[in-house]
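Remarks on the overall topology
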Amino acid sequence: MPKVDWSAERTRITRSLSGASDLSVITRSDGSLQLLIPGAEAFARDGVEPRPSLKATLDRISTALNEASGTEILVIGHTDAAGSELHNMQLSIRRAEAVVEYLRVSGIALTRLQADGRGETEPFADNGTEAGRAKNRRVEMIVRPFAR
């Protein structure tokens, strides 16, 4: 694996993805990048196939990350609390796997990709309201250099 200038790479990725309403790019305290994709409209209810709006976002992400071959990408699916905890965990994993597959088909090496689901365990907002549940349905990516 080639050594990566992570500071320069992080700046390049952030610049190429910033400014869009369909995506937030955050530098985390450990230096990794967190890409937050609102998921309320990303998948059909109980569905795992990315909708066109999510595919457009993933196309932009894959273009930015294809050039960053020294990085790994952890895709994390999140759901709201509607339905059973087990169902939501399984759904979040399947959605993360669908995003990984989309990125793989877009040219990102599978060796750089991991999928994980958190179900309803990490809410952003109150699951007691529809607006809160919508915020909790999301896809998150953690981008970081490969560990040495």
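Residue indices begin from 1 for each chain and proceed along its sequence in written order. Local features are withheld for residues below a pLDDT of 70 in this predicted model, meaning they are given only at 70 or higher, and side-chain atom pairs are given and counted only at 80 or more; totals for whole chains, interfaces and linings count all residues. Here the side-chain values reflect all heavy atoms present in the structure, with hydrogen atoms and water set aside.

What follows concerns the side chain of histidine 78. Structurally, histidine 78 can be placed in strand E3 (residues 71-78). Polar contacts involving the side chain of histidine 78 include one to the side chain of glutamate 140, which spans 2.7 Å. Throughout, a contact is declared for two residues whenever any of their heavy atoms are within 4.5 Å. With residues up to four places along the chain from it excluded, the contact list for histidine 78 reads Ser92, Arg118, Gly119, Glu122, Asn136, Arg137, Arg138 and Glu140. Secondary structure counts use DSSP, requiring at least four H or I residues in a row for a helix and at least two E residues in a row for a strand, with both numbered from the N terminus. Here a polar contact is taken to be a pair of N or O atoms separated by no more than 3.5 Å, where protein atoms must pair a possible hydrogen donor with a possible acceptor and residues adjacent in sequence count only if both atoms sit in side chains.

UniProt positions are given in the numbering used here, feature names are shortened, and annotations may be inferred rather than shown by experiment. Look at the UniProt record and you will see "domain: OmpA-like" (unreviewed entry) annotated at residues 30-147. In the segment residues 30-147, helix accounts for 36% and strand for 23%; the C-alpha atoms at its two ends are 13 Å apart.

Let's shift gears to the nonpolar core. Generally speaking, soluble globular proteins have nonpolar side chains that are buried together. The nonpolar core is taken to be a set of buried Ala, Val, Leu, Ile, Met, Phe, Trp, Tyr and Cys residues, with the residues joined through side-chain atoms within 4.5 Å. Working definition: with a 1.4 Å probe on protein chains only, accessible area under 20% of the residue-type maximum means buried, over 50% means exposed, and in between means partly exposed. Ranked by internal contacts, the top residues of the largest apolar core, which has 27 residues, are Ile61, Val75, Val99 and Met141. Mapped by element, the contributors of at least two residues to this core are helix H1 (6-17), strand E2 (33-38), helix H2 (52-66), E3, helix H3 (85-105) and strand E5 (138-145). Excluding its chain neighbours within four sequence positions, the residues that come into contact with isoleucine 61 are Leu17, Leu23, Leu35, Ile37 and Met141.

This next bit is on the pattern of salt bridges. When a carboxyl oxygen of Asp or Glu lies within 4 Å of a side-chain nitrogen of Lys or Arg, that pair is called a salt bridge. Counted under the stated rule, the structure contains 13 salt bridges. Between glutamate 49 and lysine 55 there is a salt bridge, and its shortest N-O distance comes to 3.4 Å. For arginine 133, the salt bridge is made with glutamate 130, and the minimal N-O distance between the two is 3.2 Å. Of this pair, arginine 133 and glutamate 130 both sit in helix H4 (residues 130-136), three residues apart, roughly one helical turn. Relative accessible area serves as the criterion here: at 45%, glutamate 130 is assigned to the partly exposed category. In the salt-bridge network here, residues are joined through shared partners; they are Asp80, Glu130, Arg133 and Arg137.

So, about the packing of H2 against H3. The relative placement of two packed helices is expressed as an angle between their axes plus a distance between the axes. At a closest axis distance of 10 Å, the pairing of H2 and H3 adopts a crossing angle of 55°. Here H2 lies oblique to H3, going by the angle between them. By crossing handedness, the relation of H2 to H3 is classed as right-handed. Note on element contacts: H3 touches H2 through Val99, Tyr102 and Leu103, opposite Leu54, Lys55, Leu58, Asp59 and Ser62. Throughout, an axis means a line fitted to C-alpha atoms (over the contacting stretch in the case of helices), and angles, computed between N-to-C directions, take values from 0 to 180 degrees. In this scheme, roughly parallel covers angles under 35 degrees and roughly antiparallel covers those over 145, while 65 to 115 is roughly perpendicular and the rest are oblique. Handedness of a helix crossing follows the sense of rotation of the near helix relative to the far helix, less than a right angle counterclockwise being left-handed and clockwise being right-handed.

Within the fold, threonine 71 resides in strand E3. By relative accessible area, which is 0% here, threonine 71 ends up buried. Leaving out residues up to four positions away in the same chain, threonine 71 has contacts with Trp6, Glu9, Arg112, Val143, Arg144, Pro145 and Phe146.

So, on to H3. In an α-helix, one turn spans 3.6 residues, which is why side chains three or four residues apart end up on the same side. With 21 residues, H3 extends 30 Å between its outermost C-alpha atoms, agreeing within 8% with the 30 Å of an ideal straight helix rising 1.5 Å per residue. Every buried residue of H3 is listed here: Asn88, Leu91, Ser92, Arg95, Ala96, Ala98, Val99, Val100 and Leu103. Buried residues along H3 sit in contact with H2, E3, strand E4 (113-117) and E5. Positive backbone phi, approximately 110°, marks glycine 107, located one or two places after H3. Here a helix's expected span is defined as the number of its residues, less one, multiplied by 1.5 Å.

DSSP calls a pair of strands paired once it identifies at least 2 bridges connecting them. In spatial order, the strands read E1-E2-E5-E3-E4; together these five strands make up an open sheet with mixed pairing. The two strands at the open ends of the sheet, each matched to only one other strand, are strand E1 (24-27) and E4. Along the sheet, successive strands turn relative to each other by an average axial angle of 20°, direction set aside. Alignment of E2 against E5, held across six bridges, turns out to be antiparallel. Residue pairing across strands places glutamine 34 opposite isoleucine 142, the latter belonging to E5. Taken strand by strand, H1 contacts E1, E2, E3 and E5, and its axis lies near 20° from that of E2. Sheet contacts for H2: E2, E3 and E5; angle to E2, the most-contacted strand, approximately 165°.

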